[in-house]
Structures are given as structure tokens and as C-alpha cells.
Amino acid sequence: MPLRDTRATEPSVEEREASMKEPTMIDSAGLHIPTCKGCLGPLHFQSSDGSKLSLKAGCRYAERQKDTFQNALAFSNRPIAIEERIHVRVERCDQHWQGALRLGFTAISPSLFAWDDKLSIANPDGPRTGLGYWARQLPTCHTLPGAELCFWVNSRGVLMYRGPDHVKKELFVGVDLGRPLWAMVDLYGQTRAVRMLGSKKKKIGFRTKKSCPATPPPAPTDGDSCLCVDRGQPCKRPRQSPSTYTQPPNSPDSTSPEVCVVCLEDCAASVTLVCGHRCLCSSCANRIRAEFGTCPICRQSI
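The structure presented is a predicted model; accordingly, all values stated were derived computationally and were not measured.

Concerning the packing of aromatic side chains
Counting across every chain of the model gives 3 aromatic pairs. With 5.2 Å between their ring centres and 50° between their planes, phenylalanine 69 and tryptophan 97 make a pair best called tilted. In this pair, phenylalanine 69 is assigned in the loop between strand 5 (61-64) and strand 6 (73-76) and tryptophan 97 in the loop between strand 7 (85-93) and strand 8 (102-106), connecting sequence segments 28 residues apart. The class for tryptophan 97 is buried, based on a relative accessible area of 1%. Arranged with centres 5.5 Å apart and planes meeting at 55°, the rings of phenylalanine 105 and phenylalanine 151 form a pair that is tilted. Linking phenylalanine 105 in strand 8 with phenylalanine 151 in strand 10 (residues 148-153), this pair joins segments that are 46 residues apart in sequence. For phenylalanine 151, a relative accessible area of 0% gives the class buried.

Focus on the pairing of strand 14 (residues 191-202)
Most of strand 14 is tucked away, with 9 of its 12 residues classed as buried. Relative to strand 14, strand 5 runs antiparallel, the two sharing 3 bridges. In the sheet register, alanine 62 faces strand 14, and the bridge partner there is valine 194. Sheet analysis places strand 7 next to strand 14, joined by 8 bridges and oriented antiparallel. Following the sheet pairing, isoleucine 86 is matched in strand 14 by serine 199. Alignment of strand 14 against strand 15 (residues 208-210), held across 3 bridges, turns out to be antiparallel. Bridge pairing links lysine 201 to lysine 209 in strand 15.

Re the pattern of salt bridges
According to the stated counting rule, one finds 12 salt bridges in the structure shown. Across the pair arginine 192 and aspartate 94 runs a salt bridge whose closest N-O atoms are separated by 2.6 Å. Separated by 98 residues along the polypeptide, arginine 192 in strand 14 and aspartate 94 in the loop between strand 7 and strand 8 bring together distant segments of the chain. Under the relative-accessibility criterion, aspartate 94 is labelled buried at 2%. Two residues, aspartate 176 and arginine 179, come together in a salt bridge whose shortest N-O distance is 3.1 Å. Three or more residues joined by partner-sharing salt bridges are found here, namely Lys56, Glu63, Lys66, Arg92, Asp94, Arg192 and Asp224.

Focus: the side chain of arginine 92
For arginine 92, the location among the structural elements is in strand 7. There is a polar contact of 3.1 Å between the side chain of arginine 92 and the backbone oxygen of threonine 221. Those residues within four positions of arginine 92 in sequence are excluded, and the remaining contacts are Tyr61, Glu63, Gln190, Thr191, Arg192, Ala193, Thr221, Asp222, Gly223, Asp224 and Ser225.

Quick word on helix 3 (residues 282-291)
What helix 3 keeps buried is the set Cys284, Ala285 and Ile288. With its buried residues spanning 105° around the axis, helix 3 presents them on a single face. In helix 3, those exposed residues whose orientation departs by more than 90 degrees from the buried face are Asn286 and Ala290. Directly after helix 3, the chain includes glycine 293, whose backbone phi takes a positive value near 75°.

A look at the nonpolar core
If you look at soluble globular proteins, the nonpolar side chains tend to sit buried side by side. One finds Leu149 and Phe151 to be the most contacted residues of the largest nonpolar core, which totals 32 residues. Only strand 7, strand 8, strand 10, strand 11 (158-162), strand 12 (168-173), strand 13 (182-186) and strand 14 provide two or more residues apiece to this core. If you look at the next biggest cluster of nonpolar residues, it comprises 13 residues, including Cys279, Leu280, Ala285 and Ile297.

Quick look at unusual backbone geometry
In the Ramachandran plot, alanine 57 falls in the positive-phi region, its phi being about 50° despite a non-glycine side chain. Looking at where alanine 57 falls in the secondary structure, it is placed in the loop between strand 4 (53-56) and strand 5. The exposure class assigned to alanine 57 is partly exposed, which follows from its relative accessible area of 49%. The phi dihedral of cysteine 59 falls on the positive side, at around 65°, and the residue is not glycine.

Description of the pairing of strand 5
In regular strands, side chains alternate between the two faces of the sheet. Residues Tyr61 and Glu63 line one face of strand 5 and the alternating positions Ala62 and Arg64 line the opposite face, and both faces are buried. Once strand 4 ends, the chain turns through 4 residues before running back antiparallel as strand 5, passing alanine 57 with a positive phi of about 50°.

Analysis parameters
Residues numbered from 1 in each chain as written. Predicted model: local features only at pLDDT ≥ 70, side-chain atom pairs only at ≥ 80, totals over all residues. Heavy atoms only, no water. Phe/Tyr/Trp six-rings, centres within 6.5 Å; stacked < 30°, edge-to-face > 60°. Helix = DSSP H or I, 4+ residues; strand = E, 2+ residues; numbered from the N terminus. Buried < 20%, exposed > 50% of the residue type's maximum accessible area, 1.4 Å probe, protein only. Pairing = 2+ DSSP bridges. Salt bridge = Lys/Arg side-chain N within 4 Å of Asp/Glu carboxyl O. Polar contact = N/O pair within 3.5 Å; in protein donor to acceptor, adjacent residues only side chain to side chain. Contact = heavy atoms within 4.5 Å. Arc of directions from axis to C-beta. Core = buried A, V, L, I, M, F, W, Y, C linked by side-chain atoms within 4.5 Å.

In C-alpha cells:
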């Protein structure tokens, strides 16, 4: 019986080597990064020159310098898919500052950002969509150490958020879905450090894909956080040079409109509490006075 010639069906050496290579994806710098088969790809932070940010634990831990409240923007290392939910955990909190963490997305590759653009993004007056980014500040009560936060962009172009209360909220409407989107985390005000926990995305048939697995994070602790307000002993704010100091949001002297820190929907500028903060809309102010009787920012009686 004649032998069958199998040379035409056997893969070549080059084909076998290619099949053995790890799958890759493109990061913001145009470089191939390895991924696990069937996962969403590795996910961690990246920063840039001029930032007040340091990255640790394989770039999954981002921490701002202690002597400032701003200029600490972290970005995802790759574009994020629509409906891919980013999970982060607050690690350090310094309550002697005003304002807190901002979450959002940008359509501009972090590798192409100029630091002047980053400074404008960190402006507490709020996002400017014309610059290609969409972000919102979170209420300070959602950014205590150990708080796990989730944010994503849905198929309707809405920036969605779920905080420690497990309630979904719309933070921003009108995100441009026609361009790649990088996650953006602004360690502002009271939020000094966050940890990337990974991401998830539900697929057809209720199957869930995740980012590449990483070493499990340690249990959350307060560490060297300054929880002076919660402890009833507000400390003095660290000194700032007049040439570099800018007014944080929710300050009694701030005149820019803020979103209510409770409902995250209505304007808070219409209500000024006795402590001077403007952080609540009229309906939430009435409820907070009746149920708690203290300002959600400084805990002073109202």
C-alpha cells in the first residue's frame, strides 16, 4: 500500500513557531504587550514626566506625593473596551485636603499628552469635552481607604460608576465611542493612592472575560492616611507656595459650580451650609440635615 504524502498538510517551522507565541495587543505607545489566551489583556497604570505620581507593585499601585493635592493623573496602559468595567480600590486618604478622586476616560493616547494638557484636566472647574476627555469627581464619602470603585463606558456613550453603596450612577453623557478610550484616574484632593484591581466584561451568553490575572492585592489598611476629620481633630493643611497653589473644589471660597456629593446629579452651588461648604443640592441638603445634621465634607454641625 503506497504511503500517503503528508508534507503538504504539515505546518511549516515558521507556522509552528507563530502558533506557540503568546497573543499580543497594542499599548498606548504602539508596543505589543503579551496577553493571556481569552482574557482582556494586562491592565495597570501609566504616568508621564512631570506628574506628582509614583507607580509601584507592577504599576498597579499609584500614589501621589503627600505635600500636594493635585497634578497626579494616572492612565490605563491600554485602550479600554466598551462595557469593560475597571475596578480600583482607594488605598490612602488625606482628609486635610478638599475634593477627592476623579474617574473618567480620554480619547487621547497618554503618550501624546503634553503636561500643560494634564494640568488643564486636573482643573477642579470640571471636564472640558473639547479636549477629548470625560471625567467627574466623586463624593469624599466614597473615597475612604478600602473603598472599591467601578467605572466604565456603556454602549450609549455614558460614563457609568458604581461606588461602595453598589448603586449605579451616570457620571457623564456624551463620551465619543468612535475613538479608542483610555481610563483616566485623577488622584486629587483627599485621595492620595489607589490600586488597580483589574477589569471585567460580560460577553454574549453571560460569559465574563477578565483582564490578565495579577498577584492578589493585600488586605486594605489605613496605612499613613490622615483621617483627621473622621477622628474629630482636623489638622492644618500642608503649606503651599502661592505660585503653585490653586483653590481646591468644595472650598468655602470656591465660586465654581459643583455637583451634589450625595446624588451626583443636581448642582450644589445653590445651597451654602453654615460651615461655608457648597456640596449639596437643596433636596439632599434637607435630607442630610434631618438624618445626619453634619456637613459631609468637614463634619461640622449644620
